[in-house]
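Residue-level listing of the chains:
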Amino acid sequence: MGKDYGEPIRYDPDFNGPIHNRSCTDILWLIIFILFLGAWGYVGYYSMTRGSVDKLLAPIDSKGRRCGLDSGLEDKKYLLFFNIAKCLSPGTPITGCPTTQVCVPQCPDRTILFTKELEQNPSSFEQLKPRMVCTEDVNTQSMTLAQAKQYIQDEKCASFVLESQPVLYRCIGDLSTLPCKDTDPRSRDGETCVRNPKDAQKSLFNRATALDSYVGWIAASWVTFFTRNERETHVLSSQIVQDLVQSRWYMAGALVGVVVLCFIYILLLRWVITPVVWLSIAGLFALMGFALYLCYKNYEYYKANPVGLYQTTNLKGYAQSIFAKHETWLAILIALAVVFVILLLVVIFLRSRITIAIALIREGSKAVTAIKSTILFPIFPWIFQCAVIAYGVLVLMFLLSIGDSAFRVVNMRNDTDCDCGGLYKEEGDSCDPIKFFQKCHDTSSVGTILPCRLASCHFTGIENQNNVIYMHLVNLLGFFWAMFFISGVADMMLASTFSTWYWTFHKNDLPFFTLTSGIYRTLRYHLGTVAFGALIIAIVRVIRVILEYIDHKVKKFDNPFTRCILCCCKCFFWCLESFLKFINKNAYIMCAVHGKNFCRSANDAFSLVMRNILRVVVLDKVADFIFFLSKVLISVGVGFAVYYLLEWNYVYEVTKGERLHYNYVPAVILSVATYLICTIFFNVYSMAVDTLFLCFLEDCERNDGSPEKPYFMSKNLMKILGKRNKKIT
């Protein structure tokens, strides 16, 4: 093993931790990275000066035409919904809002209930007619009162308009002031859309801005996905969004408490790590045993009671048709049994290795709690990464909008009454929206000139210039390179910090500015090394994105050979990226300790790992399992705690607040947020364990426990390994 992967590290009497007298590494790659950032900045400047995001944000009406772009709509930039309450239906984010949508020059400046006004005061029809919103086939100028009522009934004209504000060129208004009879014709006359007027006053639309209303509208439609009754959907959506608004500050305070909880958990983990690991392993086997029992019972039941065929026109029916077969349960039973036996054998034969992994994880907890500033350190890389994401997305949108707008004639063959005076004759001809609106009209109209009923000059996209493709590649590479660079810099800073802790023989002598020193060494000497490592992973990630794009394009050809080739390529590059990430992290650790360039650090780390490959595999999987279990434990615990806390009457007596309609909504949201926060915390923990592990392997090879070469590992680790430091006699 030693000959294949290099000789073990030899003892160096001058080595006592991260090398202080080091030089800059991989300077050339840092210069290339800086030059590339300049090129990426120029791409951003070019795209923002040549592109227009308005072209991408233009809303689409019910006929598929883009407001402000298609023929006849040049001065109608805003989209108005006939009945925005229908947009709260569950399928809105997928299928679109199921109500008539038309383009208008501006959003309504006041709320008008046309049905109510025309019934109670017919004489006001002439004043209301200019404010009515109808589809294009309705001539509002010559429309009579009787026709207006009929058009409203036929949903060719809106029954009401709301005082609205444009949000992304969509007119979003306040639904809480309307009676349900205007938003839902099946409801009782005068019934309100929320439980009582007091609830209406506190609704999201009365409290928030138009943008908040738009986001709340989309969120509510997703939250009520399993609600079947449309009337119930409207009520449930408004109540859920109202609960979120009412509890927003309490949720923000709870997130601060989650941060404190994560810190306390890391403190406690150093003492309870052993029972947590073994109880988790026992729980895993118990869960798998119970799953085996259920599979066997289902196998017996469906074998003795075969069921008929299910409808397979939807996903639910297809799933039922599969799991109603005893062969399916037999296959699952065999697979689970094999996994159960393999895991059991692994635990039995590697129990001593798991004990070492537990000890190292405990050491990681000691290191994190000894240098408490590392807990909050990930916040700063996270802020930089958010800025990179925002810039990359912004540049992408502007790049997509660079070029000339392309317009084509559509529905010409279906609209036999459309006459363009010979200007446009065939479907798909290139057209100009203004000329189409001026020259093309409906020949069936008498007395008035109306636009064509079906045919239109339709916006089909943006014809990008050839150089925009290369700019997309630069933006894609810049985005991934910058993201991996930021995470790599953070990893190396933490590796420098935790390695200093490990190689400090007496932990009480640890320097106060350990993290600051690690940050300084990384920024001063090794940014080029991180830039080189980040570039390698970024290139592989770009290739993966290109493969996904190619796969998306060739799917329409349905070629099994190309699908197989692309699947193999995607699998290969996914494995390559995972391997390179593993190598990069260990190379950063070795560079932080010894100050060598990327290639030498990667070679040293790879050789050290391969000489101890069994320990590496066990530690990596055990640590990942423990961290995952801890994150699930904390997030689920917070969710249950919040839910039952909101059930406690004493909370409302102290806060003087009102009960929420659904306590599980903030509980679920806080559970998800807690999991994300825990991920940030345990990434630091994971980096500490990985760093200490490499230092531990090097310590085992470099030292032998003699007074001249004492071990730097803890007494607990030495006890587990059967090693000890000999005292000077």
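Residues numbered from 1 in each chain as written. Predicted model: local features only at pLDDT ≥ 70, side-chain atom pairs only at ≥ 80, totals over all residues. Heavy atoms only, no water.

### What about unusual backbone geometry?
Moving on, step 1. For D26, which is not glycine, the phi torsion reads 50° and is therefore positive.
Moving on, step 2. Mapped onto the secondary structure, D26 falls in the segment before helix 1 (27-50). (Helix = DSSP H or I, 4+ residues; strand = E, 2+ residues; numbered from the N terminus.)

### Some words on the side chain of K129
Moving on, step 1. When you line up the elements, K129 lands in the loop between helix 5 (125-128) and helix 6 (145-153).
Moving on, step 2. The buried category is assigned to K129, whose relative accessible area is 12%.
Moving on, step 3. When sequence neighbours within four positions are dropped, the list of residues in contact with K129 reads T140, Q141 and M143. (Buried < 20%, exposed > 50% of the residue type's maximum accessible area, 1.4 Å probe, protein only. Contact = heavy atoms within 4.5 Å.)

### Comments concerning the pattern of salt bridges
Moving on, step 1. Per the stated rule, a full pass over the model turns up 12 salt bridges.
Moving on, step 2. In this structure, K366 engages E363 in a salt bridge whose closest nitrogen and oxygen atoms are separated by 3.4 Å. Here the residue K366 and the residue E363 both occupy positions in helix 15 (residues 351-370), the gap between them amounting to three residues, near one helical turn.
Moving on, step 3. Note on K366: relative accessible area 24%, which makes it partly exposed.
Moving on, step 4. With relative accessibility at 5%, the residue E363 sits in the buried group. (Salt bridge = Lys/Arg side-chain N within 4 Å of Asp/Glu carboxyl O.)

### Details of the confidence of the model for the protein chain
Moving on, step 1. Model confidence for the protein chain is summarised by a mean pLDDT of 77, while 80% of its residues fall at 70 or above.
Moving on, step 2. Of the regions scoring below 50 in pLDDT, residues 185-236 engages in 102 contacts with residues more than four places distant in sequence or in other chains. (pLDDT = per-residue confidence, 0-100.)

### Some details on a positive patch on the surface
Moving on, step 1. There is a patch of like positive charges on the surface, built from K715, R724, K726 and K727.
Moving on, step 2. Here K726 lies in the segment after helix 27 (715-721). (Patch = residues over 30% accessible without salt bridge, like charges linked within 9 Å, V, L, I, M, F, W, Y side chains within 5 Å. Areas by Shrake-Rupley, 256 points an atom, 1.4 Å probe, with all protein chains shown as cover. Lys, Arg positive; Asp, Glu negative; His and termini not counted. Charge placed at Lys NZ, Arg CZ, Asp CG, Glu CD.)

### Some remarks on the packing of aromatic side chains
Moving on, step 1. One pass over the full model with this rule turns up 19 aromatic pairs.
Moving on, step 2. Their ring planes at 85° and their centres at 5.4 Å tell us that F285 and F340 sit as a pair that is edge-to-face. Taken as a pair, F285 in helix 12 (residues 248-304) and F340 in helix 14 (residues 326-349) lie far apart in primary sequence, 55 residues in all.
Moving on, step 3. Classification of F285 as buried rests on a relative accessible area of 15%. (Phe/Tyr/Trp six-rings, centres within 6.5 Å; stacked < 30°, edge-to-face > 60°.)

### Looking at a nonpolar patch on the surface
Moving on, step 1. Residues L376, I379, F380, W382, I383, F384 and I680 make up a contiguous nonpolar surface patch of roughly 710 Å² in combined accessible area.
Moving on, step 2. Considering every element that reaches the nonpolar patch, the biggest residue donor is helix 17 (residues 379-400), with five residues.
Moving on, step 3. A relative accessible area of 46% means that L376 is categorised as partly exposed.

### A few points about the environment of H326
Moving on, step 1. Tracing the backbone through its elements, the reader meets H326 in helix 14.
Moving on, step 2. A residue is classified by how much of its surface remains accessible, and H326, at 24% relative accessible area, is partly exposed.
Moving on, step 3. The sequence separation of H326 and P306 amounts to 20 residues, and the corresponding C-alpha distance is 8.1 Å.
Moving on, step 4. Residue contacts for H326: discarding those within four places in its chain leaves Y299, Y302 and K303.

### What about the environment of Y42?
Moving on, step 1. Position of Y42 relative to the elements: it lies in helix 1.
Moving on, step 2. With 429 residues separating them along the chain, Y42 and M471 place their C-alpha atoms 9.8 Å apart.

### Examining the packing of helix 19 (residues 466-502) against helix 22 (residues 560-594)
Moving on, step 1. One way to put it is that helix 19 packs onto helix 22 with a least axis distance of 8 Å and a crossing angle of 45°. As far as their axial angle goes, helix 22 and helix 19 are oblique. The crossing of helix 19 and helix 22 is right-handed. Residues F484, G488, D491, M492, A495, S496 and S499 of helix 19 pack against E577, K581, K585, Y588, I589, C591, A592 and V593 of helix 22.
Moving on, step 2. Class assignment of the residues belonging to the contact of helix 19 with helix 22 gives a composition of eight nonpolar, three polar and four charged. (Axes fitted to C-alpha atoms, helices over the stretch in contact; angles between N-to-C directions. Parallel < 35°, antiparallel > 145°, perpendicular 65-115°, else oblique. Left-handed = near helix turned anticlockwise from the far one by under 90°. Nonpolar A, V, L, I, M, F, W, Y, C, P; charged D, E, K, R; others polar.)

### Notes on the state of the cysteines
Cysteine pairs can be linked by a disulfide, which is a covalent bond between their two sulfur atoms.
Moving on, step 1. This model, assessed by the stated rule, comprises four disulfides.
Moving on, step 2. Between the sulfur of C67 and that of C103 lies a disulfide, 1.9 Å long from S to S. Since a negative S-S torsion denotes a left-handed disulfide, the C67-C103 link at about -75° is left-handed. One end of the pair, C67, is in the loop between helix 2 (54-57) and strand 1 (78-81); the other, C103, is in strand 2 (residues 101-104), with 36 residues separating them in the sequence.
Moving on, step 3. Note on C67: relative accessible area 4%, which makes it buried.
Moving on, step 4. Accessibility expressed as a relative area gives 8% for C103, which makes it buried.
Moving on, step 5. The disulfide partner of C107 is C171, and the gap between their sulfur atoms is 2.0 Å. (Disulfide = S-S within 2.5 Å.)

### Observations concerning the pairing of strand 6 (residues 170-173)
Moving on, step 1. With burial as the criterion, each face of strand 6 is covered, one bearing R170 and I172 and the other bearing C171 and G173.
Moving on, step 2. Pairing of strand 5 (residues 164-167) with strand 6 involves four bridges; the strand directions are antiparallel. The residue bridging S164 from the neighbouring strand is G173, located in strand 6.
Moving on, step 3. Counting the residues in the hairpin turn of strand 5 and strand 6 gives two residues, including L168, whose phi is positive at 55°. (Pairing = 2+ DSSP bridges.)

### Points about the environment of V138
Moving on, step 1. By the element assignment, V138 lies in the loop between helix 5 and helix 6.
Moving on, step 2. Between the C-alpha atom of V138 and that of Y151, which follows or precedes it by 13 residues, the distance is 8.3 Å.
Moving on, step 3. Residues in contact with V138, not counting those within four places in the same chain, are M143, Y151, K156 and C157.

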